[in-house]
Amino acid sequence: MSLRHEITHHIVATYLPDTSAADLEPSLDLFETGVVNSLQLLELIGWLRERYRLPVEDLDLSLRSFRSVAAIQDLIETNTPTGAGGATGGKTH
């Protein structure tokens with residue numbers, strides 16, 4: 001499963017259970033559309049930290065980094081050693 005597909009699948013399963021993963025555009029603004037709110041963002045960051053070993057404590061995080069599936073993918077690829085930081089060995093949702 002590709003990184004983008006896995007992120008999309010998690011967001012749909014967690015925040016949009018009545019939506020198909022194929023319907024979630026990678027560039028859709030998750031905050032502006034109400035898919036993710038501030039409390040859910042904390043949960044999402046926790047999942048990213050655990051799943052991809054994203055070093056969130058060491059990063060200067062902004063909402064811009066989580067605005068869309070594409071932005072989250074870029075954050076992971078930029079800030080993990082392998083670009084997917086454990087995607088093959090971590091837990092899935």
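Look above for the structure.
Report on the accompanying structure. (Residues numbered from 1 in each chain as written. Predicted model: local features only at pLDDT ≥ 70, side-chain atom pairs only at ≥ 80, totals over all residues. Heavy atoms only, no water.)

## Focus on the nonpolar core
In terms of nonpolar packing, the biggest core is built from 23 residues, with Ile 7, Ile 11, Leu 48, Phe 66 and Ile 72 touching the most fellow members. Per-element tally for this core: the top contributor is helix α2 (residues 38–52), with 6 residues. (Core = buried A, V, L, I, M, F, W, Y, C linked by side-chain atoms within 4.5 Å. Buried < 20%, exposed > 50% of the residue type's maximum accessible area, 1.4 Å probe, protein only. Helix = DSSP H or I, 4+ residues; strand = E, 2+ residues; numbered from the N terminus.)

## Topic: α2
For α2, spanning 15 residues, the distance from its first C-alpha to its last is 21 Å, which sits close to the expected 21 Å at 1.5 Å a residue. Taken residue by residue, α2 has Leu 41, Leu 44, Ile 45, Trp 47, Leu 48, Arg 51 and Tyr 52 as its buried positions. Looking down the long axis of α2, one finds its buried residues gathered within 160° of arc, a one-sided arrangement. For α2, the exposed residues set more than 90 degrees away from the buried face come down to Leu 39 and Leu 42. The backbone nitrogen of Leu 39 lies 3.0 Å from a side-chain oxygen of the residue at the head of α2, namely Asn 37. (Expected span 1.5 Å × (residues − 1). Arc of directions from axis to C-beta. Polar contact = N/O pair within 3.5 Å; in protein donor to acceptor, adjacent residues only side chain to side chain.)

## Considering unusual backbone geometry
Even without being glycine, Arg 53 reaches a positive phi, approximately 55°. Structurally, Arg 53 can be placed in the loop between α2 and α3 (69–79).

## Comments concerning the environment of His 9
Here His 9 is to be found in helix α1 (residues 3–15). Considered as a pair, His 9 and Leu 24 are 15 residues apart in the sequence and their alpha carbons are 9.2 Å apart.

## Some thoughts on the packing of α1 against α2
Packing of α1 against α2 leaves a shortest axis separation of 12 Å and a crossing angle of 140°. Between α1 and α2, the angle is such that the two are oblique. Relative to α2, α1 is oriented so that their crossing is right-handed. When α1 is examined against α2, the residues Leu 3, Glu 6, Ile 7, His 10, Ile 11, Thr 14 and Tyr 15 are found in contact with a partner set consisting of Gln 40, Glu 43, Leu 44, Trp 47, Arg 51 and Tyr 52. Of the residues assigned to the contact of α1 with α2, the class counts are 7 nonpolar, 3 polar and 3 charged. (Axes fitted to C-alpha atoms, helices over the stretch in contact; angles between N-to-C directions. Parallel < 35°, antiparallel > 145°, perpendicular 65-115°, else oblique. Left-handed = near helix turned anticlockwise from the far one by under 90°. Contact = heavy atoms within 4.5 Å. Nonpolar A, V, L, I, M, F, W, Y, C, P; charged D, E, K, R; others polar.)

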